[in-house]
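Observations on chain architecture
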Amino acid sequence: MGRYSILFILLALTVLVDSLAWVFFRNDINALHLLAYSAIVNLLLLAYFHFKELGQKIQRISQRNSELTKQNRLLNIDVAALADKTQKYQTLLDSLPDLAWVKDPQGRFLTVNAQFEQAFGVNYETLIGKTDFDLSHRADAEQYRQDDLHVMETGQQLRQEFLATAVDGSQAWIELIKVPVVKAGKVVGTAGTARDISERKKAQEKLAHLAHFDSLTGLANRYSLEQDLNRLLAQEPAYLLVAFLDMDNFKLINDSMGHAAGDKALRVTAERLQQAAPANTQVYRLSGDEFVLVAGDLVEQEQIEKWAQKIMDSVCQRCEIESFEFDLAVTMGISLYPHHGSECWELVKNADIAMYQAKLAGRKRYQIFSEQFAGLALKQLSMDKRLRLALEQEQLFLRYQPMVDGASGAMVGMEALIRWQDPERGEIGPAEFIPFAEQSGLISEVGKYVLKAALKQQAHWHQAGLQCVPVSINVSGLQFHQHDLVKDIGQTIHESGVPGELIELELTESILMKDEIKLNNTLHALRQLGLSLSVDDFGTGYSNLAYLSRFPISKLKIDRSFVDHIDQQSDQQIITKAIVELAKNLGLNLVAEGVEREAELTHLLALGCDTIQGYYFAKPLLAKEVVALLEQATPFAPRSTAANPQM
């Protein structure tokens, strides 16, 4: 029962009592006065309580109004902060170079960035609320919707590359990333980014092509030969022919007319071989001026001789290069499966031996392998014996070729290059004895010598207080895959006292194509020693781009075949530019090898390749000659980076 109810009951009782008193005391004037006063007091009391209650209500209303005013002020602040955050979020999205968006669970766009607007040619307000079916090719839109549903159902990121088709029918390779949008533990939509990777795909295709084909002649290369011949041998054919061809007097063409003439001679030879080769014959460029042909279905001696003579007649004809006409000639050796070998390189080796015998007989002819030619292997044995003696008597030594920052002229590294000081012949380059070392297995001992000699020299320079730069050391495949490689290198580094950061190992791409798990463990173990890892002759081998991101590689060395006359070769320019961009995107350092001409240097600097190695700056130097370079901050003349050349 409320306060006013009680008051009215009391008032009613008072009135009732007063009424009774009036009945009994109406003749008594004092009593009447008392009754009047009593009524007035009751009315005043009622008014007092009424206005007191009204004041309390007004006070409560005032307090509530103050609270609402404060909450409204805070709400205005939150709305302003939310608007500021939204603007910052949109600004961040617009700063991305990729297309970016957020969708609701039904696939409607909630927000997009400026790049998205530009790509579709539609403004922001028009895009909001639209779906992929309004913007993209229907087949692609259906796939996008399925991707969105998959991301929302699994709560997992989706990343893929695919060939997208625009509404106008044009196509582009797209890299797409989608993630779930989560709020309070619940998936409330998706967010994503997309970028056009068409140029990267083209570069990958070019590099993949280079993995299997020679860039100069367009022929299948050494790697393809090994794959194809092993596949054929695995089928156990009845007969198989392997021919090894070497150009006659190629060195004379190169030396007298230059590399451009030599390159043309190689291309002409490749074209003639392809034109002459029957349908059952595949042509390969092995290396330099060496070619290999593989043919099937040749059984009879007469068939083989007829085939060989057709090849010789087609290739050995006059050729005009730079207004000079001369006889283009080759010498060929042939081995036959299964008579002369059952393995890929055994057949190639025996064909090579037969070719060598044909050259001894007068060149420009062919010769089928015979066991009597096996005596030529004595040359291998002789070289093996002499090379072992060279290791024992310390006839091997190192030269160092500087790597130079082309812009500043500073020497930023060196490559250690092995030489052989033969008592009879004098200084011998590695091209003459390294192949024999690889065939005999001595390459591991040679590799250990190079490592120890390079570290010993680095330690000497370091102790002399010279400003040392990292020294790169080549590691052969055989040496790299030895089980004690990391232990041997670690022990050699420890004994020398040379900091690991002053050592770099150069690996070929073929090394990186073996057992991935074991390889990755080895590479990381080497990195833990402090040394860095680089890929030598990049672009000429397997060129599987995946390993660049999986393995701890820090540097790529562009092969000299891409550098030679790059200013005159548009294909080489495109490939080199792709390699430069690839290296920069992956955060890898880059070195161009074999730079000999100023035009090559200028072009490489313009493409963004800053570190240069080659005869333009310095030939391979003796250790004592390097000291003078280490004593100077910028031993070579700096070069300013030129503007982008015409491609």
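Below you will find a few notes about this structure. Just so you know, these numbers come straight off a predicted model, no measurement behind them.

Our next topic: the layout of surface pockets. Counted as a void, the second largest pocket has a volume near 580 Å³. For the second largest pocket, the lining is made up of 27 residues, of which Leu 99, Phe 120, Tyr 144, Ala 164 and Ile 174 are closest to its centre. Of all the elements, strand 4 (residues 171-183) adds the most residues to the lining of the second largest pocket, at five residues. Of the residues in the lining of the second largest pocket, the class split is 16 nonpolar, four polar and seven charged.

Between two packed helices, both the angle of their axes relative to each other and the distance between the axes serve to describe the pair. The N-to-C vectors of helix 21 (residues 570-585) and helix 22 (residues 598-607) enclose an angle of 45°; their axes lie 10 Å apart at closest approach. Regarding the angle of helix 21 to helix 22, the classification is oblique. You can see that helix 21 and helix 22 cross each other, and the crossing is right-handed. Together, Gln 573, Thr 576, Lys 577 and Val 580 of helix 21 and His 603, Leu 604 and Leu 607 of helix 22 make up the contact between the two elements. Tallied by class, residues from the contact of helix 21 with helix 22 come to three nonpolar, three polar and one charged.

The next subject is the packing of aromatic side chains. According to the stated counting rule, one finds eight aromatic pairs in the structure shown. For the ring pair Tyr 400 and Trp 461, a centre distance of 5.3 Å and an interplane angle of 65° mean the geometry is edge-to-face. A residue pair is termed long-range when its members are at least 10 positions apart, and Tyr 400 in strand 13 (residues 396-405) and Trp 461 in helix 15 (residues 443-463) qualify at 61 residues. Taken as a pair, Tyr 400 and Trp 461 share a single burial class, namely buried. Geometrically, the ring pair formed by Trp 420 and Phe 433 is edge-to-face, given 5.6 Å between the ring centres and 90° between the ring planes. Residue Trp 420 is found in strand 14 (residues 411-422), and its partner Phe 433 is found in helix 14 (residues 430-440); the two are separated by 13 residues along the sequence. For the pair Trp 420 and Phe 433, a shared accessibility class is recorded, and that class is buried. Lying over the aromatic face of Trp 345, Arg 222 brings its terminal NZ or CZ to 4.5 Å of the ring centre. Sitting over the face of the ring of Phe 551, Arg 550 holds its NZ or CZ atom 5.9 Å from the ring centroid.

Let us look at the packing of helix 15 against helix 17 (residues 485-496). Running from N to C, helix 15 and helix 17 point in directions that differ by 25°, and their axes come no closer than 9 Å. What the angle tells us is that helix 15 and helix 17 run roughly parallel. As for the relative orientation of helix 15 and helix 17, their crossing is right-handed in sense. Contacts from Lys 448, Leu 451, Lys 452, Leu 455 and Ala 459 in helix 15 reach Asp 488, Ile 489, Thr 492, Ile 493 and Ser 496 in helix 17. Grouping the constituent residues of the contact of helix 15 with helix 17 by class yields five nonpolar, two polar and three charged.

The buried fraction of strand 7 (residues 281-287) amounts to five of the seven residues, a majority that puts the element mostly inside the structure. Where strand 7 lies against strand 8 (residues 290-296), six bridges are found, and the strand directions are antiparallel. Paired with Ser 287 across the bridge in strand 8 is Glu 290. Remark: two residues form the turn of the hairpin made by strand 7 and strand 8, two consecutive strands paired antiparallel; Gly 288 in that turn has positive phi of roughly 50°.

According to the stated counting rule, one finds 29 salt bridges in the structure shown. Lys 202 is paired through a salt bridge with Glu 199; the nearest N and O atoms lie 3.7 Å apart. You can see Lys 202 and its partner Glu 199 sitting in helix 7 (residues 198-212), three residues apart, about one turn around the helix. Among the ionic pairs, Lys 555 bridges to Glu 504, the shortest N-O distance being 3.0 Å. With Lys 555 in strand 19 (residues 555-558) and Glu 504 in strand 17 (residues 503-508), this residue pair connects regions lying 51 residues apart in the sequence. What makes Lys 555 buried here is its relative accessible area of 13%. Given a relative accessible area of 4%, Glu 504 falls into the buried group. Beyond isolated ion pairs, a larger network of salt bridges with shared partners links Asp 98, Arg 159, Glu 161, Glu 175, Arg 195, Arg 200 and Lys 201.

Definitions and cut-offs
- Residues numbered from 1 in each chain as written.
- Predicted model: local features only at pLDDT ≥ 70, side-chain atom pairs only at ≥ 80, totals over all residues.
- Heavy atoms only, no water.
- 1 Å grid on protein atoms, 1.4 Å probe; cavity = no way out; pocket = protein on both sides within 12 Å on 5 of 7 lines; lining within 4 Å.
- Points joined across faces, edges and corners; volume = space filled by probe spheres on them.
- Helix = DSSP H or I, 4+ residues; strand = E, 2+ residues; numbered from the N terminus.
- Nonpolar A, V, L, I, M, F, W, Y, C, P; charged D, E, K, R; others polar.
- Axes fitted to C-alpha atoms, helices over the stretch in contact; angles between N-to-C directions.
- Parallel < 35°, antiparallel > 145°, perpendicular 65-115°, else oblique.
- Left-handed = near helix turned anticlockwise from the far one by under 90°.
- Contact = heavy atoms within 4.5 Å.
- Phe/Tyr/Trp six-rings, centres within 6.5 Å; stacked < 30°, edge-to-face > 60°.
- Buried < 20%, exposed > 50% of the residue type's maximum accessible area, 1.4 Å probe, protein only.
- Lys NZ or Arg CZ within 6 Å of the ring centre and 35° of its normal.
- Pairing = 2+ DSSP bridges.
- Salt bridge = Lys/Arg side-chain N within 4 Å of Asp/Glu carboxyl O.

This is a description of form; function is not addressed.
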